[in-house]
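Observations on the three-dimensional arrangement
Residues per chain are reported as follows:
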Amino acid sequence: MVKPFKADGKKTYNFQVMVNGERIIESTGETNFNKAQKVANKRALELREGTDYRIQLTRLIRSIKDMPEKAREKAINDCTKSLLSENPVKMEIKSGLSIFLEKPGKAPGARNTLNSFKRVWKALCNWLAEHHPDINYVHELNEEIAENFLNHIWNTGVAEQTYNEYIKILRRIFNVLTKDAGISKNVWNSTEKVKINSVSKKPLTKDEFVSIMQVAEGEIKLLLIIGFYTGLRLGDACQLKWEDVNLKTAMFNITPSKTKGHDKTVNIPIHSILYEILRRIYSADSEYVLPETAATYLKDPGAVSKKIQKTFVNAGIKTTEERKRGVKNATVYGFHSLRHSFISLCAAEGIPQHVVREMVGHSSDAIHQIYQHANTEQKRKAIDMLPSIEEENIEKHE
């Protein structure tokens, strides 16, 4: 029988016991001697008989540490698999994405992003069915399996950005499923993304833009004119509202999508060519400057991009280049080329950097701290210096 005792200044009783030559001291948590005696007797018996899991775990860890490296890795995997097999919380892998999407605020909002999640999860399920048919539950996945799946994806020849997208999506899903799936860590967090060898969009020359204007039709034509004379990103140009257009002052007052979280508004003077078009088509009954394009973009941004690419091709511009990796060729000419053109043309006219940066709405706070602010007069002078495309090339945009 062990005898409870009190340490100096303590209210509760402790007890000590020798187990395999190791002295163990624990608190009984009791202030009454008789109650403390009962707790001490019970715990001492557990410790001496080795039924306490902490004693067994300590012995197991010591045993595994003494093994050769390969045997040690196998022992760790075997122990992990054995423990997880007893996991009372089990989530079928095939149900994982549905459970993730049902979580409030977790499902991606954009349709194309949601499709990407579905594509990645389907690829994972199909690969597991072929290579690991015995794995059915989320908690059965380990880092080795995660790495092998990503190696498979990489070997299919996907682009670096697509490969990284797989990792990003799987990390996000498993971070949410951790508790519900009974897993202690996210196996995808140990995987590494690859460096992206990005292909930047090329700026259009004035002659190339004129060629595009000669074949462009409908709202796409005005969309391209807006991009050429403002440097706006595609989403901001497509969703341009009449409330952002001040025809009295000939100014755009826009909060770009990339800076909405910072509540930053960019003020861009309206070029005389663009001003005349906007003045002619102004409608108080329409929320958007380009209502059909806005509706299409909000439903499927890719559909607008495809129309733009088709217009470029019709103008004789080769929009893609072969890339080292990836199934698809790299797009080198697109709507973003107009943004590059705007910046390049401003630079060619000697317009100060800080003026250009404020008009294109650079999202970096550091940039705005480094560069001085431009006034309206400087911006208007900059816009006026941009080349005016002959009116016969742009007057018909309907």
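One structure accompanies this document, and this report is about it. As the structure is a computational prediction, the values presented were derived from the model and not from experiment.

A look at the overall build of the chain
A count of helical and extended segments in the chain gives 18 helices and seven strands. Going through the 398 residues of the chain one by one, you find that 39% of them count as buried. Long-range contacts, defined as pairs at least 24 residues apart, comprise 62% of the intrachain contacts of the chain with a sequence gap of at least 6. On the chain, roughly 23500 Å² of surface is accessible, and the fraction owed to carbon and sulfur atoms is 48%.

Concerning the nonpolar core
Membership of the largest hydrophobic core comes to 54 residues, with the highest contact counts inside it found for Leu223, Leu224, Phe252, Leu274 and Ile308. With eight residues, helix H9 (residues 218-230) is the single largest residue contributor to this core. Phe117, Ala123, Val138 and Phe174 belong to the second largest nonpolar core, which has 33 residues in total.

Concerning unusual backbone geometry
The phi dihedral of Ala250 is positive, around 55°, even though this residue is not glycine. Tracing the backbone shows Ala250 in the loop between strand E3 (245-246) and strand E4 (251-254). The exposure class assigned to Ala250 is buried, which follows from its relative accessible area of 15%.

Examining the sheet that holds E3
The antiparallel open sheet is built from three strands, whose spatial order is E3-E4-E5. The open sheet terminates on both sides in strands that have one partner only, identified here as E3 and strand E5 (266-269). Pairing of E4 with E5, which is carried by four bridges, proceeds in the antiparallel orientation. Its bridge partner being in E5, Met251 is matched across the sheet by Pro269.

Concerning the pattern of salt bridges
This structure, assessed with the given rule, holds five salt bridges. Taking the shortest distance from any N to any O, the salt bridge between Lys241 and Glu287 comes out at 3.1 Å. On the criterion of sequence distance, the pair formed by Lys241 in the loop between helix H10 (234-238) and E3 and Glu287 in the loop between helix H11 (272-281) and helix H12 (291-299) is long-range, its members being 46 residues apart. We classify Lys241 as partly exposed; its relative accessible area is 23%.

Definitions and limits used
Residues numbered from 1 in each chain as written. Predicted model: local features only at pLDDT ≥ 70, side-chain atom pairs only at ≥ 80, totals over all residues. Heavy atoms only, no water. Helix = DSSP H or I, 4+ residues; strand = E, 2+ residues; numbered from the N terminus. Buried < 20%, exposed > 50% of the residue type's maximum accessible area, 1.4 Å probe, protein only. Contact = heavy atoms within 4.5 Å. Areas by Shrake-Rupley, 256 points an atom, 1.4 Å probe, with all protein chains shown as cover. Core = buried A, V, L, I, M, F, W, Y, C linked by side-chain atoms within 4.5 Å. Pairing = 2+ DSSP bridges. Salt bridge = Lys/Arg side-chain N within 4 Å of Asp/Glu carboxyl O.

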